[in-house]
Amino acid sequence: MKSFYVIAFALVVFSNCNPKETPPPAPLLPIPAANQLAWHQMELNAFVHFTTNTFTGKEWGYGDESPTIFNPTNYDADQWVLTFKEAGFKGVILTCKHHDGFCLWPSKYTEHSVKNSVWKEGKGDVVRDVMRACKKYELKFGVYLSPWDRNHADYGTAPYVDYYRNQLNELFTTYGPVFEMWFDGANGGDGYYGGKREKRSIQGSTYYDWSTTLNLVRELEPEILFFSDAGPGVRWVGNERGVAGETNWNTITPDTLYAGKGGIEQLLNTGAENGTHWIPAEVDVSIRKGWFYHAEEDTLVKTPQQLFDIYLTSVGRGSTLLLNIPPDRRGRVHEKDSASLMGFRALVDSTFKNNVALNKSVQISSIRGKDKRYSGANLVDGNPETYWTTDDEITSGTIEIDLGKSQQLNFIELQEYIQLGQRVKGFTVEARVNNAWQQIAAGTTIGYKRILKLNGVNADAVRVSITDSKACPVIAEVGVY
Ligand code: FUL
Ligand code: CA
């Protein structure tokens, strides 16, 4: 036994003395939790808005809709999820209850649900079906449960908060696993409210007592990621146009979001360089004008090119895209929407098919501890787990990739190794055209992924200069397309 310790001790001493073994940079806090990291890696999720609004043509149901109008004629939740999967989506978030209060599952806490619709003689359950389809096609399943409820008689008083929590308990014990829970901040005031038909206002910061509610859900689903304007898991991006900030910090200080001052959309959009918490922005946007299906918007479905542009301003700016695709009155993803989705997938695939930097020769300004475990080759090995980094005191550096021959360049894709925190504050991209370097792009933050257009320049080498970083840069990949 003793000799074992002696040998182990000797090994430790020996490895510490080895000049080639330099420890990795210390994490620059805050860093993503495991569930946040997994969320970054998903990149594309589908949002599904479906309720009585689909049948009334409204966007915000008043809460007095009869459950009998919910009656899809050719419903197929598998078709939704399979369509999303073919388009490259990794998760689905379903509006289990929107502001109108109608529940897509047969909740025992209300009569305002599918159990009182004629659809499937009241035996239908959309939440169950979507969850099962997600299991079948290996997508993650998420839920949206509107806090604002224009149907419920108790809305605005304490018993409603109990009702809301009971429903969460019901959802999380009946269905799952659930990767993300969406808390919508909207509250328009007026509604049916059990027949009172009046305006009710709540004290947003205190009424729901969110910390109690979140703890309740966490007990049932420890890995859950909470979305709301202010997190705590993921934050709103500050608009519904599909556009994250060109500067996009995954960090933000939650307190600043509740200060009651205007302009928080801008803060949500960019995050804060020195934010105390890792709360990345999620980009929610609809493939249509509205969040719910309306036949008159069949001509307004975003084109593959528009979706691709949104991909660039969301995933390409270090966010995850949550694209809403609302089923129609048949209960299916409409042909127009699925055609756009497939066109979008084809565009992404063809654009990012051929990484001309892959395994090419890389020269960098310096390597951490001159240790080849952090070498420039790690930038072009196609492996997001390996990275190039520098000594601690160095906060800039250059990466020069020789492409071997002159060719047309359309995009560059950069990835930080965010497991060690978000660091880069500024960078430029140059191309070598006829033996002369010219700047072709520049940016601020990188984060999980940053994609920049290179506008078809013909060049035989590319140089990325990290001009400023909060700490030594840690870059996992550089791809050129
Ligand atoms: C908003 C809601 O009011 C919309 O109806 C939609 O659900 C969107 C995702 O969030 O706050
Ligand atoms: Ca790598």
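Keep in mind it's a predicted model, so treat the numbers as computed, not measured.

Criteria and thresholds
- Residues numbered from 1 in each chain as written.
- Chains lettered and ligands numbered in written order.
- Predicted model: local features only at pLDDT ≥ 70, side-chain atom pairs only at ≥ 80, totals over all residues.
- Heavy atoms only, no water.
- Domains from an automatic or database assignment.
- Contact = heavy atoms within 4.5 Å.
- Buried area = accessible area lost by both parts, 1.4 Å probe.
- Salt bridge = Lys/Arg side-chain N within 4 Å of Asp/Glu carboxyl O.
- Polar contact = N/O pair within 3.5 Å; in protein donor to acceptor, adjacent residues only side chain to side chain.
- Helix = DSSP H or I, 4+ residues; strand = E, 2+ residues; numbered from the N terminus.
- Nonpolar A, V, L, I, M, F, W, Y, C, P; charged D, E, K, R; others polar.
- Buried < 20%, exposed > 50% of the residue type's maximum accessible area, 1.4 Å probe, protein only.
- Donors = N, O, S within 2.8 Å, 3.2 Å for Na, K, Ca; no water.
- Near = heavy atom within 4 Å.
- Areas by Shrake-Rupley, 256 points an atom, 1.4 Å probe, with all protein chains shown as cover.
- 1 Å grid on protein atoms, 1.4 Å probe; cavity = no way out; pocket = protein on both sides within 12 Å on 5 of 7 lines; lining within 4 Å.
- Sits in = over half its atoms within 2 Å of the grid points.
- Axes fitted to C-alpha atoms, helices over the stretch in contact; angles between N-to-C directions.
- Parallel < 35°, antiparallel > 145°, perpendicular 65-115°, else oblique.
- Left-handed = near helix turned anticlockwise from the far one by under 90°.
- Lys, Arg positive; Asp, Glu negative; His and termini not counted.

Caption draft 1: Examining the domain arrangement of the chain more closely. One can read the domain layout of the chain as domain 1 (34-351) and domain 2 (361-480). Facing the 21 residues of domain 1 at the interface are 18 residues of domain 2. Buried surface at the junction of domain 1 and domain 2, both sides included, amounts to about 1700 Å², of which 56% is carbon and sulfur. It is Trp249, Trp278 and Leu312 that lose the most area in domain 1 upon contact with domain 2, and together they represent 27% of the buried surface on that side. Where domain 1 meets domain 2, there are three salt bridges. Summed over the shared surface of domain 1 and domain 2, the result is eleven residue pairs in polar contact (both at pLDDT 80 or more). Broken down by secondary-structure element, the contributors of at least two residues to the side of domain 1 that touches domain 2 are helix 2 (34-42) and helix 9 (304-313). Split into classes, the residues belonging to the side of domain 1 that touches domain 2 amount to seven nonpolar, ten polar and four charged.

Caption draft 2: A look at helix 2. Listing the buried residues of helix 2 in full gives Asn35, Gln36, Leu37, Trp39, His40 and Met42. Two residues or fewer past helix 2, Glu43 is found with a positive phi of approximately 65°.

Caption draft 3: Representation of the coordination of the calcium ion (ligand 2) within the structure. Coordination sphere of the calcium ion (ligand 2), protein contribution only: Asn378 (O), Asp381 (OD), Asn383 (O), Thr386 (O), Thr386 (OG1), Ala476 (O) and Glu477 (OE), at 2.2 to 2.6 Å. For the calcium ion (ligand 2), all donor residues lie on one chain, and their spacing in sequence is N-x2-D-x1-N-x2-T-x89-A-E.

Caption draft 4: Geometry of the pattern of salt bridges. Summed over all chains, the structure comprises 26 salt bridges. Between Asp190 and Arg150 there is a salt bridge; the shortest N-O distance is 3.0 Å. Placement of the pair is Asp190 in strand 5 (residues 190-191) and Arg150 in the loop between strand 3 (140-145) and helix 6 (158-174), with a sequence separation of 40 residues. Relative accessible area serves as the criterion here: at 31%, Asp190 is assigned to the partly exposed category. Arg150 gets classed as buried once you look at its relative accessible area, which sits at 5%.

Caption draft 5: The site of ligand 1, seen in detail. Every residue lining ligand 1 is accounted for by Phe47, His49, Trp60, His98, His99, Tyr144, Trp182, Asp184, Ala186, Glu240, Asp284 and Trp291. When isolated, ligand 1 has an accessible area of 290 Å², and the protein chains bury 90% of it. Most atoms of ligand 1, that is more than half of them, are within 2 Å of grid points of the second largest pocket. In terms of residue class, the shell around ligand 1 is made up of six nonpolar, three polar and three charged.

Caption draft 6: Quick peek at the packing of helix 6 against helix 7 (residues 210-220). At a minimum axis distance of 10 Å, the contact between helix 6 and helix 7 shows a crossing angle of 15°. Here helix 6 lies roughly parallel to helix 7, going by the angle between them. Seen from above, helix 6 lies across helix 7 with right-handed handedness. From helix 6, Tyr164, Arg165, Leu168, Asn169, Phe172 and Thr173 reach across to helix 7, where they touch Trp210, Thr212, Thr213, Leu216, Val217 and Leu220. Taken together, the residues of the contact of helix 6 with helix 7 sort by class into seven nonpolar, four polar and one charged.

Caption draft 7: Quick look at the side chain of Asp100. Structurally, the position occupied by Asp100 is in the loop between strand 2 (91-97) and helix 5 (126-137). Buried and without a salt bridge, Asp100 has Arg150 as its closest oppositely charged side chain, separated by 7.8 Å. Engagement of the side chain of Asp100 in a polar contact is seen with the side chain of Thr51, the distance being 3.4 Å. Once you skip the residues sitting within four places of it in the chain, Asp100 turns out to touch Thr51, Thr52, Asn53, Gly61, Gly63, Glu65, His112, Asp149, Arg150 and Asn151.

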